[in-house]
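Structural features, examined
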Amino acid sequence: MTLTELKYIVAVAREKHFGKGAEACHVSQPTLSVAIKKLEEELQVKLFERNANEITVTPLGEEIVRQAQSVLEQADSIREIAKRGKDPLAGALRLGVIYTIGPYLLPDLVRQAIALTPQMPLMLQENFTVKLLEELRTGEIDCAILAEPFPDTNLAIAPLYDEPFMAAVPSNHPLAARSNITAEELKKETMLLLGTGHCFRDHVLEVCPEFARFSSNAEGIRKSFEGSSLETIKHMVAAGMGVTLVPRLSVPKEALLPAKAVSKAKSREVPELPSYIRYLPFEGHVPTRRVVLAWRRSFTRYEAIAALRNAIYACELPGVTRLS
């Protein structure tokens, strides 16, 4: 039994496909298949059920794959211990970020990380919460920036900040003249939502739960529309198709400046297109989301996690409540 064979069975179990598993391990499919067959013969057990269109893991195989993943992590830990002896922060950190945080936090975070820990480059991936949790479990990424709540997967969690939501309305909408808004007033509007899979969609539906029925069937298209990203949703708002909620960090700085300050700032720069969106804070109860950093409890690069948190706290993070 070798670490390479264990790596192969973990990859096939994850991909549910021998070809894709081989591709993930950067070897040919025959090489991977022969190695797995050799391991099965050595263990005298069947790890995978090989069907025409799908590979499934046998019940005993699932237990062995879990142990194989643990062994691979422990082997990586040995390498990390050796690295820490030279430089605790040496080597890339694989960081996952959900789609509704990445575009707004990463530009500043990457700058701060380069300034504070240039020897620890960030390998970045944006994805859905469910996918990032799975990649954390299988060791494909080291840590992830997520928004609560999400399923308890026995991860180590460090809270980063509480981020309020704001309403985004077309600049010619009657509500645009207001200085703030309530959730009750939004219930009368056409709500624009992110597609299924985005946790921020669920956050919006918590504020306006009645829109859930419109987003789940074609008949409700008159009341609810969906977009693939927050920026796409914003363009739809600007076009007058409806209103939406956005996290505070996604709001452009100039959108919250007083009109005189915006005019003065523009006079010193290249003329910009007028803003077609008005961002309104909530009156009374303000909906928020808690953003956290999550990592496997078996991950041993404690200094890397601490350095990443320091880089995040060094970011500007306007309008959020920092947590320690």
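Residues numbered from 1 in each chain as written. Predicted model: local features only at pLDDT ≥ 70, side-chain atom pairs only at ≥ 80, totals over all residues. Heavy atoms only, no water.

With that out of the way, let us pick up the packing of helix α1 (residues 3-15) against helix α2 (residues 18-25). The geometry of α1 relative to α2 is characterised by a closest axis approach of 8 Å and an angle of 130° between their N-to-C directions. The pairing of α1 with α2 is recorded here as oblique in orientation. The element α1 and its partner α2 pack so that their crossing is right-handed. Across the interface between the two elements, K7, Y8, A11, V12, R14 and E15 of α1 pack against F18, K20, G21, A24 and C25 of α2. Taken together, the residues of the contact of α1 with α2 break down into six nonpolar, one polar and four charged. (Axes fitted to C-alpha atoms, helices over the stretch in contact; angles between N-to-C directions. Helix = DSSP H or I, 4+ residues; strand = E, 2+ residues; numbered from the N terminus. Parallel < 35°, antiparallel > 145°, perpendicular 65-115°, else oblique. Left-handed = near helix turned anticlockwise from the far one by under 90°. Contact = heavy atoms within 4.5 Å. Nonpolar A, V, L, I, M, F, W, Y, C, P; charged D, E, K, R; others polar.)

Below, the discussion takes up the pairing of strand β5 (residues 143-147). With respect to burial, β5 is a largely interior element, five of its five residues being buried. Of the two faces of β5, both are covered, the one formed by C143, I145 and A147 as well as the one formed by A144 and L146. Direction of pairing for strand β3 (residues 93-98) relative to β5: parallel, over a ladder of three bridges. Pairing of G96 across the sheet is with A144, part of β5. Bridging between β5 and strand β11 (residues 288-296) involves five bridges; their strand directions are antiparallel. Within β11, the residue paired with A144 across the bridge is A294. (Buried < 20%, exposed > 50% of the residue type's maximum accessible area, 1.4 Å probe, protein only. Pairing = 2+ DSSP bridges.)

It is worth spelling out the packing of α2 against helix α3 (residues 29-43) at this point. One way to put it is that α2 packs onto α3 with a least axis distance of 8 Å and a crossing angle of 105°. It follows from the interaxial angle that α2 and α3 lie roughly perpendicular. In this structure, α2 contributes F18, G19, G21 and A22 to the contact, and α3 contributes Q29, L32, S33 and I36. Its residues placed into classes, the contact of α2 with α3 shows four nonpolar, four polar and no charged.

A separate point is helix α6 (residues 129-138). Taken together, the buried positions of α6 are T129, L132, L133, E135, L136 and T138. Following α6 by one or two positions, G139 has its phi on the positive side, about 85°.

The next point concerns the packing of aromatic side chains. Counted under the stated rule, the structure contains three aromatic pairs. Between Y99 and F128, the ring centres sit 5.0 Å apart and the planes meet at 75°, which makes this aromatic pair edge-to-face. Residue Y99 is located in the loop between β3 and α5 (102-116), and its partner F128 is located in the loop between β4 (122-127) and α6; the two are separated by 29 residues in the primary sequence. Exposure remark for Y99: the relative accessible area of 33% places this residue in the partly exposed category. (Phe/Tyr/Trp six-rings, centres within 6.5 Å; stacked < 30°, edge-to-face > 60°.)

This part takes up the pattern of salt bridges. For the structure shown, the criterion picks out 16 salt bridges. As a salt-bridge pair, E40 and R50 come within 3.1 Å of each other at their nearest N and O atoms. Pair noted here: E40 is in helix α3 and R50 is in strand β1 (residues 48-50), with a separation of 10 residues, a long-range link. Assessed through its relative accessible area of 40%, R50 is described here as partly exposed. (Salt bridge = Lys/Arg side-chain N within 4 Å of Asp/Glu carboxyl O.)

Counting 44 residues, the largest nonpolar core has L95, L109, I145, Y161, L293 and L308 as the members making the most contacts within it. Counting residues per element, the ones that place at least two in this core are β3, α5, α6, β5, β6 (155-170), β11 and α12 (302-313). The element that contributes the greatest number of residues to this core is α12, accounting for six residues. Excluding residues that lie within four positions of it along the chain, I145 makes contacts with L95, G96, V97, I98, I101, L105, L109, L160, V291, V292, L293 and I312. (Core = buried A, V, L, I, M, F, W, Y, C linked by side-chain atoms within 4.5 Å.)

Here the focus is the pairing of strand β9 (residues 244-247). Side chains of β9 alternate between two faces, with T244 and V246 and L245 and P247 buried alike. In terms of strand pairing, β6 meets β9 through four bridges, oriented antiparallel. Considered in β9, the bridge of M166 is made with V246.

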